[in-house]
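Observations on the three-dimensional arrangement
For reference, the chains in residue letters:
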Amino acid sequence: MTQAAQIRIDLDSAAPVTRQIVDQLRALLVEGEVAPDDVLPSVRRLAIDLGVHFNTVADAYRTLAEEGWLEISQGRGVRVRQRPAPRHDKESLEETLAVFRRRLRQLVAEMRAQGLSPAVVARELASLVEAVKS
Amino acid sequence: MTADSIVMAVCVLLIAVLFNWLPLWRRSSLWFAVTVGPDFRNTPDARRILRQYRIEMWTVALAAYVLLWLGIRREAIWMFAGGPLLQSLGAIVAFARGRSRTRPYAQHPSGTRAASLSSASEHLPGGPAAIAAPYAMLAAVAIFLHVNWQGLPSRFPVHWGINGTADRWAARTWRSVDGPLLAGFLVIALLQAMGYMIVAASPRGRMLETADWTARFRRANLRMIVAMGWALGALFAVLALNPYLSRGDALVIPVWLMLAATLAVTAGFLWPVIRISQEPGSGSDGTPDECWKLGQIYYNPNDPALMVEKRFGVGYTINFGNRASWLLVALLLMVVFVPMLL
């Protein structure tokens, strides 16, 4: 794990805190900022540091454990697992991509609604594409 | 004027000087326990609020002196002891009034929170040896006293006035000999328990931009707790040894010297905490303003932290919204009452 790896939440945001934690941790896991065998802070520690209820963090860890990213064991804390990429057949791939496209469209609409120009949104998406490729 | 009254007058003055500066020893975005802009403390409004607080606080200090003077004249002990109590209560009220005056300038605290994903465990500074040292000191004294039991006077003083004159005596029993050591043990254990609570149950830094400041502030506070443990260990060890060393009613080491040494050690380790508190850009602490009752008591059942940084004074305080806080309060009461029962 890199020294700078951290979670950032916004209590004023409309998005639930559990969702914010899940989304950020997943991004860190996918990008390799948090690697397999890394040990994450305990539910208690992270909840105290963020100032949110224990259940909020526990739910976030449980969601990621169900996705196969984390291993939660009593006494040994929360460990990052080596997660094989899930395989898709043609049908499930289409389904996943449809969900992804819908979410992306919603996100783009949200950015436009906040006053960002199409050019800025396109530039951000292009930089994201570059980051994915590298 | 007796030595007791001089000591008490000095105490009132020291308390007033402390309260005079206490509101300034906080994060830069906090003013009288209210979240404000980072530069608010340099504005004329902030200075006016501070001035009004100081006028009120010094007025109460003056009233405490009057009470002290009346206590001396009428030989009324309750008036004598009531001075510092009145003064402390007065400062608390003055601070709460300062908080009310600051509220119109309050800013909505940022809802952004950040937490490191590092799982590295934190410990009290100095490690197990530093933690165990005061207990070892008390244990060594206990062994020494029991080995030299016959060398102890059959009756010796166990309590002294502020001027160092003995005013209570006890026969040589395990309670009178080991009492100061047990009291010392409890006080140090409570102090170190608070240290562990800070390590385990206080936020390591909720605001990303001030995480470094918070880490240094925490470290300085924990160093002070460990050092106070040593100072108290030495103090109680000397008190327990007194009957053996003195063989009379006098204290081998005068009260003023014991108090001065303890205060010097505390001040030496308190100074870095104050210095860090004075640094600009320390932001806010990530706790909601509305959860600070009178600006001093933190009650937030939605915050899992058991200990949080104080908003009035130096160090940490308990989150009374956390059920575990009552266990800490019970421990505190035990430390106060067990030595009394002994």
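Notes on the structure in this doc start here. (Residues numbered from 1 in each chain as written. Chains lettered and ligands numbered in written order. Predicted model: local features only at pLDDT ≥ 70, side-chain atom pairs only at ≥ 80, totals over all residues. Heavy atoms only, no water.)

Okay, the interface of chain B and chain A next. Listed as interface residues are 26 residues of chain B and, on the opposing side, 26 residues of chain A. The contact between chain B and chain A buries some 2000 Å² in all, and 54% of this surface belongs to carbon and sulfur atoms. Where chain B packs against chain A, one counts one salt bridge. Ionic pairing is found between Arg204(B) and Asp49(A), a salt bridge with its closest N-O pair at 2.8 Å. Viewed at the interface, chain A and chain B are joined by eleven residue pairs in polar contact (both at pLDDT 80 or more). For the side of chain B that touches chain A, the secondary-structure elements that each account for two or more residues are β3 (112-116) and α5 (174-201) of chain B. (Contact = heavy atoms within 4.5 Å. Buried area = accessible area lost by both parts, 1.4 Å probe. Salt bridge = Lys/Arg side-chain N within 4 Å of Asp/Glu carboxyl O. Polar contact = N/O pair within 3.5 Å; in protein donor to acceptor, adjacent residues only side chain to side chain. Helix = DSSP H or I, 4+ residues; strand = E, 2+ residues; numbered from the N terminus.)

All names here are of chain B. Tallied over the full model, the rule gives 17 salt bridges over all chains. A salt bridge links Arg-48 to Asp-45; the nearest nitrogen and oxygen atoms lie 3.7 Å apart. Remark: Asp-45 and Arg-48 occur in helix α2 (residues 44-74); sequence separation between them is three residues, near one turn of the helix. For Arg-48, a relative accessible area of 27% gives the class partly exposed. Residue Asp-45 is classed as partly exposed on the basis of its relative accessible area, which comes to 29%. Here Arg-218 ties to Glu-122 by a salt bridge, and the two come within 2.4 Å at their closest N and O atoms. Of this pair, Arg-218 sits in helix α6 (residues 211-246) while Glu-122 sits in the loop between β3 and α4 (127-147); the two residues are 96 residues apart in sequence, bridging distant segments of the chain. (Buried < 20%, exposed > 50% of the residue type's maximum accessible area, 1.4 Å probe, protein only.)

With 24 residues, helix α4 (residues 90-113) of chain A extends 34 Å between its outermost C-alpha atoms, agreeing within 8% with the 34 Å of an ideal straight helix rising 1.5 Å per residue. Residue Gly115(A) follows α4(A) closely and has a positive phi angle near 95°. (Expected span 1.5 Å × (residues − 1).)

Our focus in this paragraph is the packing of aromatic side chains. Working definition: an aromatic ring pair is given by the centre-to-centre distance plus the angle between the planes. According to the stated counting rule, one finds 13 aromatic pairs over all chains in the structure shown. Measuring from ring centre to ring centre gives 5.8 Å for Phe320(B) and Trp326(B), while their planes differ by 55°; the resulting arrangement is tilted. Ring pairs connect the aromatic residues Phe19(B), Trp31(B), Phe32(B), Tyr53(B), Phe95(B) and Phe312(B), which therefore count as one cluster. In this structure, Arg83(A) is placed above the aromatic ring of Trp69(A), and the distance from its NZ or CZ to the ring centre is 4.3 Å. The lysine or arginine in question, Arg54(B), covers the ring of Trp21(B), its NZ or CZ lying 4.9 Å from the ring centre. (Phe/Tyr/Trp six-rings, centres within 6.5 Å; stacked < 30°, edge-to-face > 60°. Lys NZ or Arg CZ within 6 Å of the ring centre and 35° of its normal.)

In this structure, Phe19(B), Trp31(B), Phe32(B), Tyr53(B), Val141(B), Leu145(B) and Met307(B) are the most contacted members of the largest nonpolar core, which totals 69 residues. Residue contributions to this core peak at twelve residues, all from α6(B). Setting aside residues no more than four positions away along its own chain, Val141(B) makes contact with Leu181(B), Ala237(B), Ala240(B) and Leu241(B). Judged by nonpolar contacts, the second largest core, of 25 residues, contains Val22(A), Ala47(A), Val57(A) and Val80(A). (Core = buried A, V, L, I, M, F, W, Y, C linked by side-chain atoms within 4.5 Å.)

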